[in-house]
Amino acid sequence: MSSLSIVRTRADLRALVSNWRRDGKKIALVPTMGALHAGHLALIEQAKAAADVVIASIFVNPTQFAPHEDLARYPRQEAADIAQLQAIGCDGLYAPQVQELYPEGFQTRVVPGAVAARLEGAFRPHFFGGVATVVAKLFLQVDPDVAVFGEKDWQQLQVISTMVRDLDLGVEILPAPTHREADGLALSSRNAYLSAAERAIAPTLKQALDQVASAITRAPETVASVIDQAKTKLIASGFQSIDYLEACHSQTLEPWQPGDPARILAAAWLGKTRLIDNRGLD
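The structure reproduced in this document is the subject of the present report. (Residues numbered from 1 in each chain as written. Predicted model: local features only at pLDDT ≥ 70, side-chain atom pairs only at ≥ 80, totals over all residues. Heavy atoms only, no water.)

**Some points on the environment of Leu101**
Condition: What counts as a helix is a DSSP run of H or I of at least four residues, what counts as a strand is a run of E of at least two, and both are numbered from the N terminus. Remark: exposure states derive from per-residue accessible area (1.4 Å probe, protein chains only) relative to the maximum for the residue type, with buried under 20%, exposed over 50%, and partly exposed in between. We call two residues in contact when some of their heavy atoms are within 4.5 Å.
With respect to the element layout, Leu101 can be found in helix α4 (residues 98-101). Of the residues examined, Leu101 reaches a relative accessible area of 0% and is grouped as buried. When the C-alpha positions of Leu101 and Thr217 are compared, they lie 45 Å apart, and in sequence the two are 116 residues distant. Apart from the residues lying within four places of it in its own chain, the contact partners of Leu101 are Phe59, Tyr94, Pro96, Phe106, Val134, Lys137 and Gln141.

Below, the structure written as structure tokens:
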């Protein structure tokens with residue numbers, strides 16, 4: 001079990017990072033909202049392989065939640081998170097309070113462009129502005145060489161990669177494969193909201209993605225009808241509603257056209273829990 005340096009202020013963070021820089025260390029950042037699970041730990045492991053030292057952040061970012069969303073009930077378990085980070089050999093944890101990132105008078109935001117407009121951006125128009133702003137602040141405060149983000153949040157990954165390119169932030173973005181349960185359900189802190197009955201239904205979302213991916217690979221002309229079939233299957237299995245299930249260009253997130261690199265993305269409601277998932281082609 002390694003020693004985990006825990007910092008909560010910009011001043012203490014700056015001192016920690018300055019010591020690493022003085023020693024010539026390559027620094028990796030893994031931003032999280034806590035409630036860590038095996039998927040997060042896989043990000044830490046990938047970061048360890050890419051850098052000399054790894055710092056995770058835990059911050060439930062209020063600017064990416066709309067008033068009707070689950071900010072208040074989002075799972076928080078800092079003591080357990082710290083134990084997991086220590087056990088896996090993470091070097092640092094930055095766990096600021098809200099006022100540390102958004103002090104009184106804060107008013108500047110990053111506004112993402114077209115890559116954020118569809119899918120999640122259409123259903124949660126506040127979301128990517130909040131994500132881009134907090135990630136930009138974390139990059140500026142931590143000054144990492146690399147940062148690791150999970151492919152489960154595929155559109156978020158594209159938004160952040162675009163922001164880094166457009167604003168010359170100088171951070172290498174490393175994507176990490178989606179971590180799944182044995183039955184295919186993508187790991188998410190929000191899975192804790194699912195009842196036992198809902199948990200049994202949840203893997204149907206991954207099956208719907210697989211169905212569409214198979215159609216693109218074998219018979220691209222059938223994609224529209226296969227998407228309709230997959231949506232029908234999700235509702236029949238017990239999902240209440242589907243925000244989107246689409247085949248998209250994997251980088252721009254525009255609707256997929258034959259010849260495009262493809263990514264299939266979905267968001268659907270199971271009870272009071274909104275599940276998201278995506279996959280590329282084999």
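**Topic: the pattern of salt bridges**
Rules: We define a salt bridge as a side-chain nitrogen of Lys or Arg found within 4 Å of a carboxyl oxygen belonging to Asp or Glu.
Evaluation of the coordinates by the stated rule reveals 18 salt bridges. Of the charged contacts, one joins Arg8 and Glu78 as a salt bridge, the two residues approaching to 2.7 Å between their closest N and O atoms. One end of the pair, Arg8, is in the loop between β1 (5-7) and α1 (10-22); the other, Glu78, is in helix α3 (residues 78-88), and 70 residues separate them in sequence. Given a relative accessible area of 31%, Arg8 falls into the partly exposed group. The partly exposed category is assigned to Glu78, whose relative accessible area is 33%. Glu45 serves as the salt-bridge partner of Lys48, at 3.8 Å between the closest nitrogen and oxygen. Here Glu45 and Lys48 lie together in helix α2 (residues 38-50), a separation of three residues that amounts to about one turn. Each of Glu69, Glu120, Arg124, Asp243 and Arg274 takes part in a single network of salt bridges with overlapping partners.

**Some words on the packing of aromatic side chains**
Stated formally: Between 30 and 60 degrees the pair is tilted, below 30 it is stacked and above 60 it is edge-to-face, where a pair is any two Phe, Tyr or Trp rings, Trp via its six-membered ring, whose centres lie within 6.5 Å.
If you walk through the whole model with that rule in mind, you get six aromatic pairs. When the ring of Phe59 is compared with that of Tyr102, the centres are 6.2 Å apart and the planes differ by 40°; the resulting orientation is tilted. Within this pair, whereas Phe59 is found in the loop between β3 (53-58) and α3, its partner Tyr102 is found in the loop between α4 and α5 (120-123), the two being separated by 43 residues in sequence. Taken as a pair, Phe59 and Tyr102 share a single burial class, namely buried. Ring centres of Phe123 and Tyr244 lie 6.1 Å apart, and the angle between their planes is 40°; on these two criteria the pair is classed as tilted. On the criterion of sequence distance, the pair formed by Phe123 in helix α5 and Tyr244 in strand β7 (residues 241-249) is long-range, its members being 121 residues apart.

**What about the sheet that holds β7?**
Keep this limit in mind: When DSSP finds at least two bridges between two strands, those strands are taken to pair. Simply put, an axis is a line fit to the C-alpha atoms, just over the touching stretch for a helix, and the angle between two N-to-C directions goes from 0 to 180 degrees.
With antiparallel pairing, the three strands of this open sheet are ordered in space as β7-β8-β9. Both outer strands of the open sheet, β7 and β9 (273-279), are each paired with one neighbouring strand and no more. Taking the axes of each pair of neighbouring strands and ignoring which way they run, one obtains an average angle of 10° across the sheet. In this structure, strand β8 (residues 262-270) lies alongside β9, joined through seven bridges in antiparallel fashion. Note on β9: the bridge partner recorded for Leu265 is Asn278.

**Quick look at the side chain of Asn278**
In plain terms, the rule: Contacts described as polar in this section are N or O atom pairs within 3.5 Å, which, within protein, must combine one atom able to donate a hydrogen with one able to accept it, while residues neighboring in sequence count only if both atoms come from side chains.
Tracing the backbone shows Asn278 in strand β9. A distance of 2.8 Å separates a polar atom in the side chain of Asn278 from the backbone oxygen of Glu151. Setting aside chain neighbours within four positions, we find Asn278 in contact with Glu151, Lys152, Asp153, Trp154, Arg180, Leu209, Arg263, Ile264 and Leu265.

**Notes on the packing of helix α6 (residues 127-142) against helix α7 (residues 154-166)**
In a packed pair of helices, the relevant descriptors are the angle between the two axes and the axis-to-axis distance. Inclusion rule: Each angle is binned into one of four classes, with values under 35 degrees roughly parallel, values over 145 roughly antiparallel, values of 65 to 115 roughly perpendicular, and all other values oblique. In this scheme the handedness of a crossing depends on how the near helix is turned from the far one: anticlockwise by less than a right angle means left-handed, clockwise means right-handed. Here the nonpolar group is Ala, Val, Leu, Ile, Met, Phe, Trp, Tyr, Cys and Pro; Asp, Glu, Lys and Arg are the charged ones; every other residue, Gly included, is treated as polar.
In contact at an axis separation of 10 Å, α6 and α7 are set at 50° when each is read in the N-to-C sense. Taken together, the axes of α6 and α7 lie oblique to each other. Two packed elements cross with a definite hand, and for α6 against α7 that hand is right-handed. Listed contacts from α7 to Phe127, Phe128, Val131, Ala132, Val135, Ala136 and Phe139 of α6 are Gln155, Gln156, Val159, Ile160, Met163 and Val164. Split by residue class, the contact of α6 with α7 holds eleven nonpolar, two polar and no charged.

**Description of α6**
The condition is simple: Each residue after the first adds 1.5 Å to the expected span of a helix.
The terminal C-alpha atoms of α6 lie 22 Å apart, and with 16 residues this matches the ideal 22 Å at 1.5 Å per residue to within 8%. Phi turns positive, to about 55°, at Asp143, one or two residues after α6.

**Quick word on the packing of α2 against α3**
For the pair α2 and α3, interaxial distance at closest approach is 11 Å and the crossing angle is 35°. Once α2 is placed against α3, the crossing between them reads as right-handed. Residue-level inspection shows Leu41, Ile44, Glu45 and Lys48 of α2 in contact with α3, the latter providing Gln84, Leu85 and Ile88. Of the residues contributing to the contact of α2 with α3, the split by class is four nonpolar, one polar and two charged.

Function-wise, these values are silent; they only describe arrangement.
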